[in-house]
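What follows is each chain in one-letter form.
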Amino acid sequence: MNYSFNLIYKADGKINKTNKPDNADFMVDIEESERLLSLTVKPNKEIEFIKFEMTTAYKFNNAQRIFTNGYQSWTVSKEYSPTGAMDEFNPRILGVQKKHFNPLGIWGAGDLTFHQYPERAGIFYGYSYGYIRSGEELLLLGSLSEREGYTVITFNTADNTISIEKDLEGVKFSGEKNILNLAMLRGEYNAVFDEYFEMMNISKPKVNRACGYTTWYNYYTGVTEEIVNRDLSAIAGLDTKVDIFQIDDGYERAVGDWLEPDQKKFPKGMKAAADSIHSHGMLAGLWLAPFAVTPKSHIFRQHRDWLVRDERGKIHFASHNWGGFYALDIYNPEVRAYIKKVFDTVLNDWGYDMVKLDFLYACSIIPIHNKSRGQIMCEAMDFLRECCGDKIILGCGVPLAPAFGKVDFCRIGADVGLCWKNKAFSREDVSTQHTLMNTVFRRHLDGRAFLNDPDVFLLRDNNIKMTLEQRKIIAKVNSLCGNLLFVSDDVSTYSPEQRKIFTDVVTSQKAQIINAEFVSDKAIKINYLLNGAESSLTFNLGTDVEN
């Protein structure tokens, strides 16, 4: 292929722009085969890239479909029509002018602080990998590693181009460096993804399909020891074996103080809770956000030197959750020692079998220590696996490629809402519709990168604003396309019909998905093979109930 470049870099204190790297302060070597594109930068002096983008021509047609992988677990990821638009987020719906828009003030979990969002139709971008589907054949473009920086792939159907951009912000290059190895694969859907993960040498997940319970979507931070024991007894009383009982956010004194349970909520402590779960024959799971601290935490008050700081030395705000939180600098030896102590206590002293690790993107919100965001995230996932040993990790709120092969289960969509349709203010916001789309269109990761966690299905009648049919659709989609099937209900309130639905969902074998696509602007059809029989499910994301 022929490539054009758009390069902005800093050298000798000056900003330079060029589209001809061989005439600049560096050279770019391109090696290309039928299946692989490799890029190496060879500077003749210290340089820092502000933008590194290469573009090639590609002729799109309207019958094709384009998949882009969102920035992290919660980010919208789906197939688009070439004439469509990435319209899941628009600052105008917030009633603010673009020049006054502050992405951190709304939702800092996305990429709006370092990537420009497309403002017109026909431009679709994503991270690490993406594809163009022509009928049953894919052209897959996928980075084999994000350790040098995130790979941003943009399909521009308006201009008939494909662009590959590397997020190299904050990294100074003074010697030869390979910055990109991009797989370029053609073939049938499953065969292409099999080949892609083989090229990355990602080991198959060691865990099996599992079902479980989490406290979050019924009680949120109001969880207590009494609630845990009540729902634990109810879950244990089901006819169906439940594998995991997970205590979510709310047990800790403050976010960041993981070894200090809230004494009013959990007077017997977290080891007693794990012991109780084990006594009912289930694995014990515990939620943590290991890189996050709030100003209310003892960690924040006593260890300001542990926090991520920008180039001016100012503590960098991460996002607005819990009233605002900050991130720990994982390269600080004291931080690493603290995090290791947390996991040693939770997994070995308290006896938890699984940790759900959330808001992981926070450690890489800005480049630090001459490392790109992608390198930081990859090294953070290495560190977490080292801390957890062979215990089960459920990843969440994490850029996915750095998590490949490092977590056992992983969330692949947004948080499910308590209603079918809700106004999402960002591509990472709570949205039942968004997570259903992600569950369907990120199904290729399941069994290759980890086992997919599509988030919970909810069957209860109280504290929810969905029809039973809508609740059944979520349960069915999760069962077809996911492999971690969690509820968050007081199951003692279930009717016989709800108990049967639960049993059918969690005891069902994993389906073989034949294909799945939008059959209209809002309707998705999944064709699948289950127990030797071919069947299909069609559901409409825009149906009747608005809450």
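Refer to the structure presented above.
Here goes a summary of the coordinates provided. Here the structure is a predicted model, which is why all the values come from computation and not from measurement.

**Examining the overall build of the protein chain**
Per the secondary structure count, the protein chain includes 12 helices and 28 strands. Judged by the C-alpha coordinates and their principal axes, the protein chain covers about 70 × 60 × 45 Å. In the protein chain, buried positions account for 61% of the 547 residues. Here the contacts in the protein chain between residues at least 6 apart in sequence split such that 70% fall between residues at least 24 apart. Looking at the protein chain as shown, the accessible area adds up to about 21,800 Å², and 47% of this sits on carbon and sulfur atoms. The centroid of the 63 positive side-chain charges in the protein chain is displaced by 3 Å from the centroid of its 71 negative side-chain charges.

**Observations regarding the packing of helix α11 (residues 468-481) against helix α12 (residues 496-507)**
The contact between α11 and α12 brings their axes to 10 Å, and the two run at 15°. Classified by the interaxial angle, the pair formed by α11 and α12 is roughly parallel. Classified by chirality, the crossing of α12 by α11 is right-handed. Two secondary-structure elements touch here, α11 through Leu468, Arg471, Lys472, Ala475 and Ser479 and α12 through Glu497, Gln498, Ile501 and Val505. Considering only residue class, the contact of α11 with α12 consists of four nonpolar, two polar and three charged.

**Details of helix α7 (residues 333-349)**
Between its first and last C-alpha atoms α7 spans 23 Å; for 17 residues at 1.5 Å apiece the expected length is 24 Å, and the two agree. Buried residues of α7: Val335, Tyr338, Ile339, Val342, Phe343, Thr345, Val346 and Leu347, and no others. Contacts from the buried residues of α7 go to β17 (283-288), α6 (298-302), β21 (354-357) and α8 (373-388). Residue Asn332 occupies the N-cap position of α7, its side-chain oxygen lying 2.8 Å from the main-chain nitrogen of Glu334. Downstream of α7 by a residue or two, Gly351 has a phi angle that is positive, lying close to 90°.

**Observations regarding empty space enclosed by the protein**
Gaps between atoms show up when a probe of the same size as a water molecule is rolled over them. Throughout the structure, instances matching the rule amount to three cavities of 30 Å³ or more. In this structure, the largest cavity encloses a volume near 100 Å³. If you trace the largest cavity, you find 13 residues lining it, with Met1, Tyr3, Thr56, Leu141 and Ile162 closest to the centre. Here the residues of the lining of the largest cavity are counted per class, giving 10 nonpolar, three polar and no charged.

What counts and what doesn't
Residues numbered from 1 in each chain as written. Predicted model: local features only at pLDDT ≥ 70, side-chain atom pairs only at ≥ 80, totals over all residues. Heavy atoms only, no water. Helix = DSSP H or I, 4+ residues; strand = E, 2+ residues; numbered from the N terminus. Buried < 20%, exposed > 50% of the residue type's maximum accessible area, 1.4 Å probe, protein only. Contact = heavy atoms within 4.5 Å. Areas by Shrake-Rupley, 256 points an atom, 1.4 Å probe, with all protein chains shown as cover. Lys, Arg positive; Asp, Glu negative; His and termini not counted. Charge placed at Lys NZ, Arg CZ, Asp CG, Glu CD. Axes fitted to C-alpha atoms, helices over the stretch in contact; angles between N-to-C directions. Parallel < 35°, antiparallel > 145°, perpendicular 65-115°, else oblique. Left-handed = near helix turned anticlockwise from the far one by under 90°. Nonpolar A, V, L, I, M, F, W, Y, C, P; charged D, E, K, R; others polar. Expected span 1.5 Å × (residues − 1). Polar contact = N/O pair within 3.5 Å; in protein donor to acceptor, adjacent residues only side chain to side chain. 1 Å grid on protein atoms, 1.4 Å probe; cavity = no way out; pocket = protein on both sides within 12 Å on 5 of 7 lines; lining within 4 Å. Points joined across faces, edges and corners; volume = space filled by probe spheres on them.

By themselves, these figures tell us nothing about what the structure is for.
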